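Residue strings, one per chain:
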Amino acid sequence: MDKENIEKIAFLNNLSGPNFGYLIDQFERYKQDPLSVEEEWRELFGKINEADFPVFLPNVPTGLESNPSEQRKIIAAVKLAENIRTYGHLAANIYPLGTHKPDQTHFELGNYGLTEEDLLSLPAEILSSNKSLVLENAYEAYLFIKEAYTKTIAYEFDHVHAVEERNWLIEKIESARNMSYVKNQRVKALKRLYEVEEFEKFLHKTFVGQKRFSIEGLDVMVPIIDEIISDAIHNGACYLNIGMAHRGRLNVLAHVLGKPYEMIFAEFQHAPNKELVPSEGSIGINFGWTGDVKYHLGLNRQLSSENSVKAKVSLANNPSHLEYVGAVVEGFTRAGQDDRAKVGYPIENNKTALAILIHGDAAFPGEGIVAETLNLSRLKGYRTGGTIHIIANNTIGFTTESEDSRSTRYASDLAKGFEIPIIHVNADDPDACLQAANLAAEYRAVFQKDFLIDLVGYRRFGHNEMDEPMTTSPQMYSIIQNHSTVKEIYAKTLKNEGIVSDSELTKMEKEVQEKLEAAFQKVSMIPKESEIKVPEPPVFKKEEASIITKVPLAVLQKINKELLAWPKDFNVFPKLEKILNRRAEALSDKGRVDWALAETLAFATILADGTPIRLSGQDSERGTFAQRNLVLHDYKTGATFSPLHRISDAKASFAVYNSPLTEAAVVGFEYGYTVFSPETLVIWEAQYGDFANAAQVIFDQFIAAGTAKWGQKSGLVLLLPHGYEGQGPEHSSGRLERFLQSAAEKNWTIANLSSAAQYFHILRRQAAMLMKEEVRPLIIMAPKSLLRNPLVSSSGTDLCEGEFKPVLEQFISERDHEKVTRIVLCSGKMAIDLANEIKDDNQFEWLQVLRLEEIYPFPSSILKDMFIRYKNLKEIFWVQEEPKNMGAWNFVEPRINGIAPNGIRVEYVGRRRRSSPAEGEPNVHKLGQSKIINSALTREEKGGKL
């Protein structure tokens, strides 16, 4: 192929040495499997052969480019350099304990048919395009590159396919070898290491036998975080959100978050630290009424940098499912980046907030939530402009060695699938660690992508301070016992370089020790048992009763008209257009509002009140059941349009996103978003309620208990499609029983609704509660088939004059209460199934059906007042479609019996106890459902026999 044709391929113009190496690497892959390279490479390699490659190289001495022997040397030399960049990590000195043998086979000249003399005869530019270096020949370039990639910091970026990013990384890495930190920076890092180590030693000797999950062996993680935060503030960040596991958490709290030593010592001593250190200034005590162990707690701190830019640093509270907090912190961060003040989608500014996630080396590849959360990083509804990840790699998980905990070479290998650059760095080399921190922060600022630092160290003690690690890892811990700490190593280095003196080192140590001792002396001793006061949960006022959720009919009609006014040149799919246009008369005298329209009207009025809304879930734009259609698609052009972005009275943003096929990470993200942005109505919708199973950790450890443990409030709304329609065990149950089992201390509201108006009012009530002290999450067992059932639809009057009612009566006309002998209590879809069978009021004078719309908090007083009306009441049935050991029965039974009049005991009508939630055969389902309905509505039948 001639040079003229080659130059037509734009992306090959002006190839540098590293780019030429990349070209050769791609060609090697192409020869093995053409489909393993991008289409543009396949197109090129189909036109040229290996002999054409030297044409691309500039600065080749005259004559070499036409000499086949010299051509082979050039290609071999470039391949050598490329392999150093790709495999240098295998030979790098990244393990402080020296337990891994470096692999040099990729860098031996003989393996490439090269000699030192060959490289001496070639120009340095073939291997390196670094103009700042004075390299005489390719051999000097080879030695330089080898050193750059095989010392105490190692790089993996061969999996990053963007040429621009690869070139940037190569330029930064190969110029960084000449970079040295100024004296002040290094002394500052040494002082921090003194604080880190002396703090751990003080805890170890003062609080013997207490767990603290020491940072020792990874001490340099604190200076790394310091450096990342400093760089992030310099780049414009106002919010820095940290998520991390137990290991080193107390040290990060003390030195990054500025939590006073007194507070930490008081927690070890169970002293009354709220009196000792008042909650004021930059420190906030985040205990709920049950509290949590000290190494789960988080903190917020207000910082001011040298240029007076203010920033807030937050360490998220984290339970023992260590990696789940990552998704929560990503939600914090996106909330800090979104400007929700204007109509339309929020305006993103990823410079304003940064997430720093610190992972365990066993947990990063071991917990699936990590992959789920990484997958969010480039999605428009969840991206945060790049997260900086740090693997706190002590090469052991609890007592499990690395070879038993992962199938990959490195703990970080999962990140390769997401094209995240990776640095492995020796935790005993603070200079290299600071270099890694700077590169991570700069890469994130330039490319708005994730970056990972694999901080390779060790664990000086056992999993916790009560473990004896010699029993399970005797060889490793024999080495550790004789291994100097990083503080000692770095102090010796700086002393040998003349940067610090012995007297200065002694002064550093003494100052830290005196500060620790003084703080400890302030802490009062453990109080006597009689003096310990058990905190009580707050008594919430009934704020809901004072919230007005009705909206004038004229306002609703105006909104409804605007919802149907899409742009004239926008082509809605004709079938959908016909369906949507039926809503035009929904608010007329004879019209009806279905579930989806009630939801949209609720959203529109909430936006008009100035409350932003964020809705996400699998297929939430359209709705799993094609009911919502909040994002319309032009069927001719593919353009999209959201009617809620054109509501004239809207005063805040509305965002709706189709989520990835993920539950745990997305629910964690949305929980984090609502905690960070409490003024926003955040809604997560499961495709089917059953799928919430996959997010159980988030429900149990964050949403249900976050307020009690940490004082962390949330107004998150969860929509879980629930109802038995013969669709099998995985498309029936939202597992109502699990949420009810965790219901206590008014930790959340659980509703199973039976009318569109009820949904309208409860959404508006939730939005109005967001900024109140009493706010709590709202769990709704949402409908499926009921979405279009006429019995669920409501009139416009129900929306403009009504309110949310915890209990609805089936028969609300004037009736003779003395004739009623049976009350049937039910909830959700079961109520509609019963209503469908009650054709004539007069045939059921003996019956009243009460729909329990809000199951928790349980409306005891309302039900009790209703029971009193019926003087001749003889029977109370609880009717449900779920098996007896599921659904609401176990929750409501003692509560109903507690208020039932005349000693009447509530009887159960429903399916028997089962291990699987529902039948998989539609006809069997229908038969079982008809038996339940007959038992509930037939006077001769007794309940509880099925």
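Below, the structure is looked at part by part. In this text, all values refer to a predicted model and were calculated from it rather than measured experimentally.

## A word on the pairing of strand 7 (residues 353-360)
Within strand 7, eight of the eight residues are buried, which leaves the element mostly enclosed by the surrounding structure. Of the two faces of strand 7, the one lined by A353, A355, L357 and H359 and the one lined by L354, I356, I358 and G360 are each fully buried. As paired elements, strand 2 (residues 239-244) and strand 7 share six bridges and run parallel to each other. Counted as the bridge partner of G243 is L357 from strand 7. Note: strand 7 against strand 8 (residues 387-393), six bridges, orientation parallel. Note on strand 8: the bridge partner recorded for H359 is I391.

## With respect to the side chain of D450
Along the chain, D450 falls in the loop between helix 16 (430-447) and strand 12 (451-456). Here D450 is buried and forms no salt bridge, its nearest opposite-charge partner R378 lying at an N-O distance of 6.9 Å. A distance of 3.0 Å separates a polar side-chain atom of D450 from the backbone nitrogen of T387. Separated by 2.8 Å, the side chains of D450 and H389 make a polar contact. Residues contacting D450, with those up to four places away along its chain left out, are L374, S377, G386, T387, H389, I420, P421 and Y443.

## As for the packing of helix 20 (residues 553-563) against helix 22 (residues 595-608)
Direction vectors running N to C along helix 20 and helix 22 enclose 105 degrees, while the axes themselves pass 10 Å from each other. The angle between helix 20 and helix 22 falls in the class roughly perpendicular. Taken together, the residues of helix 22 that come into contact with helix 20 (itself represented by L556, I559, N560 and L563) are L597, T600, L601, A604 and T605. Grouping the amino acids of the contact of helix 20 with helix 22 by side-chain chemistry returns six nonpolar, three polar and no charged.

## What to know about the packing of aromatic side chains
Following the criterion strictly, the structure yields 31 aromatic pairs and no others. A centroid spacing of 5.0 Å and a plane angle of 45 degrees characterise the contact between Y443 and F447, whose relative ring orientation is tilted. On the criterion of helical spacing, the pair formed by Y443 and F447 is a turn pair, its members being four residues apart in helix 16. You can call Y443 buried: its relative accessible area is 0%.

## Section: the sheet that holds strand 22 (residues 822-826)
Strand order in this open sheet of five strands is 21-23-22-25-26, and the pairing throughout is mixed. Of all the strands in the sheet, the pair left with one neighbour each is strand 21 (807-809) and strand 26 (907-911). Adjacent strand axes in the sheet meet at a mean angle of 25 degrees, parallel and antiparallel pairs treated alike. By the bridge criterion, three bridges tie strand 21 to strand 23 (residues 847-852) in an arrangement that is antiparallel. In the strand pairing of strand 23, L808 is matched with R851. Relative to strand 21, helix 30 (residues 860-869) is tilted by about 25 degrees, and along the sheet it contacts strand 21, strand 22, strand 23 and strand 25 (875-883). Taken strand by strand, helix 32 (residues 922-937) contacts strand 22, strand 23, strand 25 and strand 26, and its axis lies near 160 degrees from that of strand 26.

## A short note on the pattern of salt bridges
Enumeration according to the criterion identifies 42 salt bridges in this entry. R85 serves as the salt-bridge partner of E174, at 2.6 Å between the closest nitrogen and oxygen. Residue E174 is located in helix 7 (residues 163-176), and its partner R85 is located in helix 4 (residues 68-87); the two are separated by 89 residues in the primary sequence. Here E174 falls in the buried class, since its relative accessible area comes to 2%. With relative accessibility at 3%, the residue R85 sits in the buried group. Across the salt bridge formed by E919 and R911, the nearest N and O atoms sit 3.0 Å from each other.

## A few points about the sheet that holds strand 17 (residues 681-685)
The sheet built from seven strands is open, its strands ordered 16-13-17-18-20-19-24 with mixed pairing. Looking at the sheet topology across the chains shown, the edges are occupied by strand 16 (654-658) and strand 24 (854-856). Each strand of the sheet is rotated relative to its neighbour by a mean of 20 degrees, with strand direction disregarded. Across three bridges, the pairing between strand 17 and strand 18 (residues 717-721) is parallel. Within the sheet, the bridge partner assigned to I683 lies in strand 18 and is V717.

## Side note on helix 15 (residues 368-375)
An α-helix turns once every 3.6 residues. As a result, residues three or four positions apart point the same way. Burial in helix 15 covers these residues: I369, V370, T373 and L374. Looking down the long axis of helix 15, one finds its buried residues gathered within 135 degrees of arc, a one-sided arrangement. On the buried face of helix 15, the contacting elements are helix 13 (325-337), helix 14 (363-366), strand 8 and helix 23 (664-676).

## Details of the nonpolar core
Core analysis: the largest hydrophobic core is formed by 110 residues, its most contacted members being L127, I242, F265 and L455. Among the elements that line this core, the one with the most residues is helix 16, at ten residues. Residues in contact with F265, not counting those within four places in the same chain, are F199, F202, L203, F207, L516, A519, F520 and V523. With 80 residues, the next largest nonpolar core counts Y657, F669, F739 and I750 among its residues.

## As for helix 13
Taking 1.5 Å as the rise per residue, helix 13 with 13 residues should run 18 Å; its terminal C-alpha atoms sit 19 Å apart, in good agreement. Most of helix 13 is tucked away: 13 of the 13 residues are buried.

## A closer look at the side chain of N83
Mapped onto the elements of the fold, N83 is located in helix 4. Relative accessible area serves as the criterion here: at 9%, N83 is assigned to the buried category. Within the structure, the side chain of N83 is placed 2.7 Å from the side chain of Y112, a separation counted as a polar contact. In this structure N83 touches G88, H106, F107 and Y112, once residues within four positions along its chain are discounted.

## Brief notes about the environment of K79
Within the element layout of this structure, K79 appears in helix 4. Residue classification places K79 among the buried residues on the basis of a relative accessible area of 16%. Apart from the residues within four sequence positions on either side, K79 is in contact with I24, D25, E28 and Y112.

## Focus: the environment of I933
In this structure, I933 sits in helix 32. Residue classification places I933 among the buried residues on the basis of a relative accessible area of 9%. Sequence-wise, I933 and V909 are 24 residues apart; in three dimensions their C-alpha atoms are separated by 8.6 Å. Beyond its immediate chain neighbours, meaning those up to four positions away, I933 contacts M830, D833, L834 and E837.

So, how was this worked out
- Residues numbered from 1 in each chain as written.
- Predicted model: local features only at pLDDT ≥ 70, side-chain atom pairs only at ≥ 80, totals over all residues.
- Heavy atoms only, no water.
- Buried < 20%, exposed > 50% of the residue type's maximum accessible area, 1.4 Å probe, protein only.
- Helix = DSSP H or I, 4+ residues; strand = E, 2+ residues; numbered from the N terminus.
- Pairing = 2+ DSSP bridges.
- Lys, Arg positive; Asp, Glu negative; His and termini not counted.
- Salt bridge = Lys/Arg side-chain N within 4 Å of Asp/Glu carboxyl O.
- Polar contact = N/O pair within 3.5 Å; in protein donor to acceptor, adjacent residues only side chain to side chain.
- Contact = heavy atoms within 4.5 Å.
- Axes fitted to C-alpha atoms, helices over the stretch in contact; angles between N-to-C directions.
- Parallel < 35°, antiparallel > 145°, perpendicular 65-115°, else oblique.
- Nonpolar A, V, L, I, M, F, W, Y, C, P; charged D, E, K, R; others polar.
- Phe/Tyr/Trp six-rings, centres within 6.5 Å; stacked < 30°, edge-to-face > 60°.
- Arc of directions from axis to C-beta.
- Core = buried A, V, L, I, M, F, W, Y, C linked by side-chain atoms within 4.5 Å.
- Expected span 1.5 Å × (residues − 1).

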